[in-house]
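Chain by chain, the residues run as shown.
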Amino acid sequence: MGNVFGRKSPPPRVTERDRVILQLKQQRDKLKQYQKRIALQQEKERLLAKQLLKDGRKEKALLLLKKKRYQDQLLDKTEIQTSNLERLIQDIEVLEIDMKVIEVLKVGNDCLKSMHQSMPIEDVERILDETQEAIEYQRQIDEMLAGSLTQDDEDSVLAELESIIQANDVVLPEVPTEPVPEVPEAAKTETERREAKRKADREMLAA
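(A) The arrangement of the nonpolar core in detail. Residues Ile 21, Leu 24, Leu 31, Leu 85 and Ile 89 constitute the largest nonpolar core, which totals 5 residues. For this core, the secondary structure elements donating two or more residues are helix H2 (16–54) and helix H3 (58–118). Examining the composition of this core, we find that 3 residues originate from one element, H2, more than from any other. Not counting residues up to four positions away in its chain, the partners in contact with Leu 85 are Leu 24, Gln 27, Arg 28 and Leu 31.

(B) Quick look at the side chain of Glu 45. Within the fold, Glu 45 resides in helix H2. Contact partners of Glu 45, with chain neighbours within four places excluded, come to Leu 64, Lys 67 and Gln 71.

(C) How the structure looks around the pattern of salt bridges. This model, assessed by the stated rule, comprises 10 salt bridges. The shortest N-O distance in the salt bridge between Arg 28 and Asp 29 comes to 3.3 Å. Overall, Arg 28 belongs to the buried group, its relative accessible area being 17%. Taking the relative accessible area as the measure of exposure, Asp 29 reaches 35% and is therefore partly exposed. Residues Glu 45 and Lys 67 are paired through a salt bridge, measuring 2.9 Å at the closest nitrogen-oxygen approach. Of this pair, Glu 45 sits in helix H2 while Lys 67 sits in helix H3; the two residues are 22 residues apart in sequence, bridging distant segments of the chain. Accessibility expressed as a relative area gives 10% for Glu 45, which makes it buried.

(D) Just a negative patch on the surface, in detail. On the surface, a cluster of negative charge is contributed by Glu 122, Glu 125, Asp 129 and Glu 133. In this structure, Glu 133 sits in helix H4 (residues 121–145). On the accessibility criterion, Glu 133 (56% relative accessible area) is exposed.

(E) Representation of a nonpolar patch on the surface in the model. Residues Ile 97, Val 101 and Leu 105 make up a contiguous nonpolar surface patch of roughly 280 Å² in combined accessible area. Structurally, Ile 97 can be placed in helix H3. Overall, Ile 97 belongs to the exposed group, its relative accessible area being 51%.

(F) Spotlight on H3. Relative to the 90 Å expected for 61 residues at 1.5 Å per residue, H3 spans 90 Å between its end C-alpha atoms, a close match to the ideal helical length. The secondary structure elements touched by the buried residues of H3 are H2.

(G) Focus on the packing of H2 against H3. Where H2 contacts H3, the axes come no closer than 8 Å and their chain directions differ by 160°. On the basis of the axis angle, H2 is roughly antiparallel to H3. Helix-helix and strand crossings are classified by hand; for H2 and H3 the assignment is left-handed. Per-class residue counts for the contact of H2 with H3 are 19 nonpolar, 8 polar and 14 charged.

(H) Layout of the side chain of Thr 78. Tracing the chain through its elements places Thr 78 in helix H3. In terms of polar contacts, Thr 78 uses its side chain to reach the side chain of Gln 35, at 3.3 Å. Look past the residues within four positions of Thr 78 in its chain and what remains in contact with it is Leu 31, Tyr 34 and Gln 35.

Cut-offs applied
Residues numbered from 1 in each chain as written. Predicted model: local features only at pLDDT ≥ 70, side-chain atom pairs only at ≥ 80, totals over all residues. Heavy atoms only, no water. Core = buried A, V, L, I, M, F, W, Y, C linked by side-chain atoms within 4.5 Å. Buried < 20%, exposed > 50% of the residue type's maximum accessible area, 1.4 Å probe, protein only. Helix = DSSP H or I, 4+ residues; strand = E, 2+ residues; numbered from the N terminus. Contact = heavy atoms within 4.5 Å. Salt bridge = Lys/Arg side-chain N within 4 Å of Asp/Glu carboxyl O. Patch = residues over 30% accessible without salt bridge, like charges linked within 9 Å, V, L, I, M, F, W, Y side chains within 5 Å. Areas by Shrake-Rupley, 256 points an atom, 1.4 Å probe, with all protein chains shown as cover. Lys, Arg positive; Asp, Glu negative; His and termini not counted. Charge placed at Lys NZ, Arg CZ, Asp CG, Glu CD. Expected span 1.5 Å × (residues − 1). Axes fitted to C-alpha atoms, helices over the stretch in contact; angles between N-to-C directions. Parallel < 35°, antiparallel > 145°, perpendicular 65-115°, else oblique. Left-handed = near helix turned anticlockwise from the far one by under 90°. Nonpolar A, V, L, I, M, F, W, Y, C, P; charged D, E, K, R; others polar. Polar contact = N/O pair within 3.5 Å; in protein donor to acceptor, adjacent residues only side chain to side chain.

Here's what the structure looks like:
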């Protein structure tokens, strides 16, 4: 068990591109270090040239300034080289990102093609047609249930109902023909009075 949890994952494989980028970055860093070293040296020699002028050693000070001028030209060249290296590194890294994006797009396209092959266009059209037919059928049922039957449809439904009743000896209750007796006015008044009293009692309890 200890070996399983203590097992180390294999180190990532170093590609040729990784080695090239590493070499470019190392060369860029060397140029930057060189620029810093020359800049520090120039500052020291400039101070030395000022001291030489104070001491009256003009020729020696002039020689140091000529050397500084030559070093300025070297710094300009190294600055251009550093910029070129950084641009090259960026171009390689951006290209690598573009290649990864293209690979992902290729995988996505292959996946889409596989999905399309698994469901041909004919099957899609058939499913859509069946779905439309089912929707149309449901719409017809809804219209029928909503009361849009013709008189012939109503007669057919009643005839089918009658045949079901006769086949199963179903006896439907007769519809009363006598009018429903009205509630006397006095009874209605008494009922309303009781309801008002109960409502007043509930309001008192709630207060």
